[in-house]
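Observations on the three-dimensional arrangement
Below are the chains, spelled out letter by letter.
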Amino acid sequence: MIGFLAYYPYAVAGAIVLLGLVGIAISRDLVHAVVCLSVCQSGTYVFLLAVGYQYGGIAPIFGSTVHRGTPVVDPVVQALSLTDIVVSAAITSMLLALVIQIAKRRGTVDPDELRSLEG
Amino acid sequence: MSRRARMVLLALGLAGAVVVLAVGVLGLPAFGGHRHPYRDLAVAASFRHATANAVSAVNFDQRALDTFGEETILVASVAGVAALLRPVRRERRRQVDPEMPVMDSTRLLTAVFFPVTLLIGIDVVAHGAITPGGGFQGGVVLATGLHLLYVGGRYRLLERMRPLPLFEITEAAGLVSFIAIGLAGLAVAGHLFSNVVPQGRMGQLTSAGTVGLLSCAVGMAVVSSVVILLAGFLDQALALEEEPAAGQWDGREGAAR
């Protein structure tokens, strides 16, 4: 039981990434595919935060109640998740803009109907 | 490739990914353990520069150059979206109808929360070094607060409140002041992004040296980026329409060219 709990959060993170991948693969709508990519990226947030967690640890904001010796969770992975979120937002906005242009040029957002190359 | 073949390929790929992930995860230290060497180093570095918010210390002090790269990605993506969302040939701009039907309760909530959200956004940016928050989070809160006007049906007011040429300048200014603070560190102390400003006492608004300044620079760039991004998307939805004389679009013009 302890062994299972020790790796369960990582399994959740992996499952979110894989579910996002499945969503992209079976997608019939490009907006849906972009959202699935965001789901994939959320798996990486869960993974990063799981790596930095410590039982009993609190937020790494120091002050009158949190001292040097108080157990805190890892601020490095929290900063990395912040970077992750910003990059994810940048990518999502670029992809959605591309979807808008595809919808205008081709009149469809179904990836199966967007097979022929166009110059 | 047929849909069926694609599903088989997907199943194979997923099975492989599960195996690789499982092998990788089993090599990790168990969840929630006490050993976090990077945490210990980051907390020590955070205390050296009197930064109460260790996450901000990592972002704006220990890894400030990475944050500069991250901010550049955001600004570059805004430029990309602006290029992609230009009006195409068969489109023209129209005046947005100011009379959008909005419920009275929505109007009331907008009026209440618009100033409150802006205030919280400024607070989150300014106190990035000592309380949870920082430039990225506060910038997003500020931009969201501004777009409450759109939710409340005041699109014209929103357009007046966000002069895009000004926001394009502040976006660039945020990025430039970020790297300028880094270069100042290089000039004074010999390391890019070294924390040269006196750091004061931990927990005060003026503590943490350059962390607060960099947080404000990022906040300026992020709020402008989000405003410009959303302006592009709102334009697509509201202000652009197809030219009526354009004829039926058969979707093959690109191929014929």
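Everything here concerns the structure above.
First, a word on scope: everything that follows refers to the structure included in this document. (Residues numbered from 1 in each chain as written. Chains lettered and ligands numbered in written order. Predicted model: local features only at pLDDT ≥ 70, side-chain atom pairs only at ≥ 80, totals over all residues. Heavy atoms only, no water.)

Before going further, it helps to examine the overall build of chain B. Within chain B, the secondary structure is distributed over ten helices and two strands. Since a compact globule built from 257 residues should have a radius of gyration of about 18 Å, the 24 Å found for chain B marks it as more spread out than a globular shape. Taken along its principal axes, the extent of the C-alpha atoms in chain B is 65 × 55 × 45 Å. Out of the 257 residues belonging to chain B, those deemed buried represent 42%. (Helix = DSSP H or I, 4+ residues; strand = E, 2+ residues; numbered from the N terminus. Rg over C-alpha atoms; globule rule 2.2 N^0.38 Å. Buried < 20%, exposed > 50% of the residue type's maximum accessible area, 1.4 Å probe, protein only.)

Attention shifts here to the overall build of chain A. In terms of regular secondary structure, chain A is built from three helices and zero strands. Walking chain A from its N terminus toward its C terminus, one meets helices and strands in the order α-α-α. The 119 residues of chain A split such that 42% are buried. Within chain A, residue pairs in contact and separated by at least 24 positions form 53% of the contacts whose partners lie at least 6 positions apart. Summed over all atoms, the accessible surface of chain A reaches about 5900 Å², with 74% contributed by carbon and sulfur. Positive and negative side-chain charges in chain A, numbering 6 and 7 respectively, have mean positions lying 5 Å apart. (Contact = heavy atoms within 4.5 Å. Areas by Shrake-Rupley, 256 points an atom, 1.4 Å probe, with all protein chains shown as cover. Lys, Arg positive; Asp, Glu negative; His and termini not counted. Charge placed at Lys NZ, Arg CZ, Asp CG, Glu CD.)

With that settled, consider a positive patch on the surface. Side chains of B:Arg107, B:Arg154, B:Arg156 and B:Arg160 sit close together on the surface and give a patch of like positive charge. Residue placement: B:Arg107 occurs in helix α5 (residues 104–126). (Patch = residues over 30% accessible without salt bridge, like charges linked within 9 Å, V, L, I, M, F, W, Y side chains within 5 Å. Salt bridge = Lys/Arg side-chain N within 4 Å of Asp/Glu carboxyl O.)

Right, let's get into the side chain of B:Ser215. All names here are of chain B. With respect to the helices, strands and loops of the structure, Ser 215 is situated in helix α9 (residues 210–239). Judged by relative accessible area, which is 0%, Ser 215 ranks as buried. Excluding its chain neighbours within four sequence positions, the residues that come into contact with Ser 215 are Phe 60, Val 125, Gly 128, Gly 134 and Gly 135.

Residue and element names in this part refer to chain B. Across all of its chains, the model carries two salt bridges over all chains by this definition. The partner of Arg 39 in a salt bridge is Asp 40, with the nearest N and O atoms 2.8 Å apart. Salt-bridge contacts for Arg 63 lead to Asp 66; the nearest nitrogen and oxygen are separated by 3.2 Å. For Asp 66, a relative accessible area of 41% corresponds to the partly exposed category.

Right, let's talk about the interface of chain B and chain A for a bit. Think of interface size as the accessible area that goes away when the parts come together; that is how it is often given. Each partner contributes residues to the interface: chain B has 57 residues there, and chain A has 50 residues. Along the contact surface separating chain B from chain A lie zero salt bridges. Linking chain B to chain A there are twelve residue pairs in polar contact (both at pLDDT 80 or more). At the level of secondary structure, the elements contributing two or more residues to the side of chain B that touches chain A comprise α1 (3–26), α2 (37–48), α3 (54–62), α4 (64–84), α6 (135–151), α9 and α10 (253–256) of chain B. (Polar contact = N/O pair within 3.5 Å; in protein donor to acceptor, adjacent residues only side chain to side chain.)

Okay, the state of the cysteines next. Using the criterion set out here, one finds zero disulfides over all chains in the structure. The cysteine A:Cys40 is free of any disulfide, with A:Cys36 supplying the nearest cysteine sulfur at 7.8 Å. (Disulfide = S-S within 2.5 Å.)

A separate point is the nonpolar core. Grouped together as the largest cluster of nonpolar side chains are 39 residues, with contacts concentrated most on B:Phe60, B:Phe136, B:Phe178 and B:Leu214. Among the elements of the structure, α3 (75–106) of chain A together with α4, α6, α7 (155–161), α8 (164–189) and α9 of chain B are those that each provide at least two residues to this core. Per-element accounting of this core gives the leading share, 14 residues, to α9(B). Residues within four places of B:Phe60 in sequence aside, it is in contact with B:Thr67, B:Gly135, B:Phe136, B:Phe178, B:Val211, B:Leu214, B:Ser215 and B:Val218. (Core = buried A, V, L, I, M, F, W, Y, C linked by side-chain atoms within 4.5 Å.)

Moving on, we come to α5(B). Residue and element names in this part refer to chain B. Taking 1.5 Å of rise per residue, 23 residues should cover 33 Å, and α5 covers 34 Å from first to last C-alpha, within 8% of that figure. By the largest-angle criterion, Phe 113 marks the main kink of α5, which is about 30°, and a proline, Pro 115, follows within four residues. Among all positions of α5, only Thr 110, Phe 114, Thr 117, Gly 121, Val 124 and Val 125 are buried. Against α6, α7 and α9 lie the buried residues of α5. (Expected span 1.5 Å × (residues − 1). Bend = angle between axes of the 7 residues up to and from the residue.)

Now for α9(B). In this model, α9(B) (30 residues) spans 42 Å end to end at C-alpha, consistent with the 44 Å of a helix rising 1.5 Å per residue. A large share of α9(B) lies buried, amounting to 25 of its 30 residues.

Everything listed here is a matter of coordinates, which is why it stays silent on function.
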